[in-house]
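Working through the structure, step by step
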Amino acid sequence: MDKIITKGRNFVDVHGRERILHGVNIVDKRKECDNNKFNFKIDDELLTAFAAKGLNFIRLGTTWSMIEPEPGKYNDEYLDDIMRIFDLCEKHDIYVLFDMHQDLYSSKCYGDGAPDWATLTDGIEPKEPKPVWAAGYFWDKATHRAFDNFWNNAEYKGKGLLDYYAEMWQHIAKRFANHPALFGFDMINEPFLGSDGSKLFRSIIKQATKTVLFDKRVKVSKIISGFINKEKRDRVEFLDQITGDVLQDVAKSAGLKYVKKFDEGKYSNFLNKISSAIREVTDNGILIMENCYWSNTTIPCSTPAINVNGKREENFCFTPHGYDLMVDTPQYQYASNDRALAIFKQHRLTQERLNCPVLVGEWGGDGSGDKWIPHVECLADYFEKQKWSFAYWHFAEDMIHKPLARVLSRPYPVAVAGTIESFGYDPQNKVFHLDFEHTTDCIEPTVVFVASVPKSVEGGEYEIVKLDDKGAAHLLFKAASGKNSIKIIL
């Protein structure tokens, strides 16, 4: 497999080709297990199906509690099984991002992530979140205190929590750094502020109330009508008044000062510390910067570029997340394109500030559902316009055979011998286009994935590498010097 690194705002391989990755999240959120096996069946059959759908990337998630169940003692048998998955992915040319997942800090706080021994709540008992899983972020003091102690490197048995965490990442990096399938290291999923997170939540509620009552963009009569009429209420039509610009104004005015304080202080210090620990043992692997949990609401991310020992890290990328307000509810089928796009447009500004590539780490919805396909298509169109790679949230056992898979298996440029100017797919007319500037010293082909046999292909000589017997293939183009245009009708 070709090693992938970052160059400016692009992912590139060792041949100098610009790379695009399409993939999914597969995350084992357990606290512990009896057999030390990853919690999803990842085998040749599944990865063959992935490749035939054009999926060349997995954000493979696990938890701190699974890897370090006791202080300083690592579950190497479990890591052996993850290595097995890496080996299988190499066989199928699928890259792997090693993700250290957390939600609500730990299972002790009714989420996942840290082991019990590293969940320091100072005697405060966690409360089960209701009515949605994320409620613990909004008002549970135990969850907030656990995060505060983590970011502050509180000691457990004479050593700081962040010091344990950094050593764990070094242990992982030593084992996986030289693996051909390695894409990079995602140091923590959706970092949360801690106690300031509850202050931010109260501020948003206060600001949202003022906006509903006094902002002329919001029609209170339509909100009331949406509550009174059952059909409108079921379709959450009252939330149509909260457009992307309204959401951004509310979230930014209510929460920017809290997020900025966290991003520039606690989170930046964390990234630099863990990145430096990883770089002590390897230069391989792209280092990942996520946005904090509250930046999923359009609040700007203010985190500086990753620094290793005081110097900007050359090989890092931004992996933002984004969902509409209705995510994790049955009403997600009525998700607002406008609100979700407002989130990702703000992430685009962060990319410009950081001048680094973007791989959207989480987006979409439940992998077994299909009612939000138009919403997913809208977001995929936007990602293409930005030349972003992505990992869909999340994998479900039968998603390969669902209508959703047809959306994720849209044609795209896997590797481009030069610099992409633009690419995109029109699903209505089934037309794919790619415009790029060919780099003359790159002799490797430009590779385009297609899920079915093309009706016509324009853009020069090409070879076909079949991925299955149903038409999925890689088209390998021999590019001419200068500007190139490829058009494929499916």
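What counts, and at which threshold
Residues numbered from 1 in each chain as written. Predicted model: local features only at pLDDT ≥ 70, side-chain atom pairs only at ≥ 80, totals over all residues. Heavy atoms only, no water. Axes fitted to C-alpha atoms, helices over the stretch in contact; angles between N-to-C directions. Helix = DSSP H or I, 4+ residues; strand = E, 2+ residues; numbered from the N terminus. Parallel < 35°, antiparallel > 145°, perpendicular 65-115°, else oblique. Contact = heavy atoms within 4.5 Å. Nonpolar A, V, L, I, M, F, W, Y, C, P; charged D, E, K, R; others polar. Patch = residues over 30% accessible without salt bridge, like charges linked within 9 Å, V, L, I, M, F, W, Y side chains within 5 Å. Areas by Shrake-Rupley, 256 points an atom, 1.4 Å probe, with all protein chains shown as cover. Salt bridge = Lys/Arg side-chain N within 4 Å of Asp/Glu carboxyl O. Buried < 20%, exposed > 50% of the residue type's maximum accessible area, 1.4 Å probe, protein only. Pairing = 2+ DSSP bridges. Expected span 1.5 Å × (residues − 1). Polar contact = N/O pair within 3.5 Å; in protein donor to acceptor, adjacent residues only side chain to side chain. Core = buried A, V, L, I, M, F, W, Y, C linked by side-chain atoms within 4.5 Å.

Take the packing of helix 5 (residues 141-151) against helix 6 (residues 161-176) next. Contact pair helix 5 / helix 6: the axes reach a minimum separation of 7 Å and the direction vectors enclose 70°. Judged by the inter-axis angle, helix 5 sits roughly perpendicular to helix 6. When helix 5 is examined against helix 6, the residues Asn149, Phe150 and Trp151 are found in contact with a partner set consisting of Leu161, Leu162 and Tyr165. Looking at the contact of helix 5 with helix 6 residue by residue, the classes come out as five nonpolar, one polar and no charged.

A few words on a nonpolar patch on the surface. Together, Val220, Ile224, Phe227 and Ile228 give the surface a local cluster of nonpolar side chains, amounting to about 380 Å² of exposed area. Mapped onto the elements, valine 220 comes out in helix 8 (residues 220-228). A relative accessible area of 31% places valine 220 in the partly exposed class.

Moving on to the sheet that holds strand 22 (residues 473-477). The strand order across the open sheet built from seven strands is 1-2-3-16-19-22-21, with neighbouring strands paired in antiparallel fashion. Sheet topology places strand 1 (4-7) and strand 21 (462-466) at the edges, where each strand pairs with a single neighbour. Relative to strand 3 (residues 18-19), strand 2 (residues 10-13) is paired through two bridges, and the arrangement is antiparallel. Looking at the pairing, valine 12 lines up with glutamate 18 of strand 3.

With that out of the way, let us pick up the sheet that holds strand 9 (residues 182-186). Spatially, 13-10-9-6-5-4-15-14 is the arrangement adopted by the eight strands of the open sheet, whose pairing is parallel. The open sheet has two edge strands, strand 13 (316-318) and strand 14 (359-360), and neither has a second partner. Note: strand 4 (residues 22-27) against strand 15 (residues 389-392), three bridges, orientation parallel. Bridge pairing in strand 15 links valine 24 to tyrosine 392. Each of strand 9 and strand 10 (286-289) is contacted by helix 10 (residues 244-281), which is oriented at about 165° to strand 10, the strand it contacts most.

Another point: helix 11 (residues 337-354). When the terminal C-alpha atoms of helix 11 are compared, their 26 Å separation across 18 residues agrees well with the 26 Å that a helix rising 1.5 Å per residue should span. Along helix 11, the residues that are buried comprise Arg339, Ala340, Leu341, Ala342, Ile343, Phe344, Gln346, His347, Thr350, Gln351 and Leu354. In this fold, the buried residues of helix 11 make contact with helix 10, strand 10, strand 12 (311-312), strand 13, strand 14 and helix 12 (373-386). Its side-chain oxygen at 3.3 Å from the backbone nitrogen of aspartate 338, serine 336 defines the N-terminal cap of helix 11. One or two steps after helix 11, the chain reaches asparagine 355, where phi turns positive at roughly 55°.

What follows covers the nonpolar core. Residues Phe50, Phe98, Trp169, Phe270, Trp294 and Trp363 are the most contacted members of the largest nonpolar core, which totals 126 residues. Ranked by residue count, the leading element in this core is helix 10, at 14 residues. For tryptophan 169, the residues in contact, after removing those within four places along its chain, are Phe98, Met100, Phe185, Asp186, Met187, Ile274 and Ile278. Ala52, Tyr412, Phe449 and Ile488 belong to the second largest nonpolar core, which has 23 residues in total.

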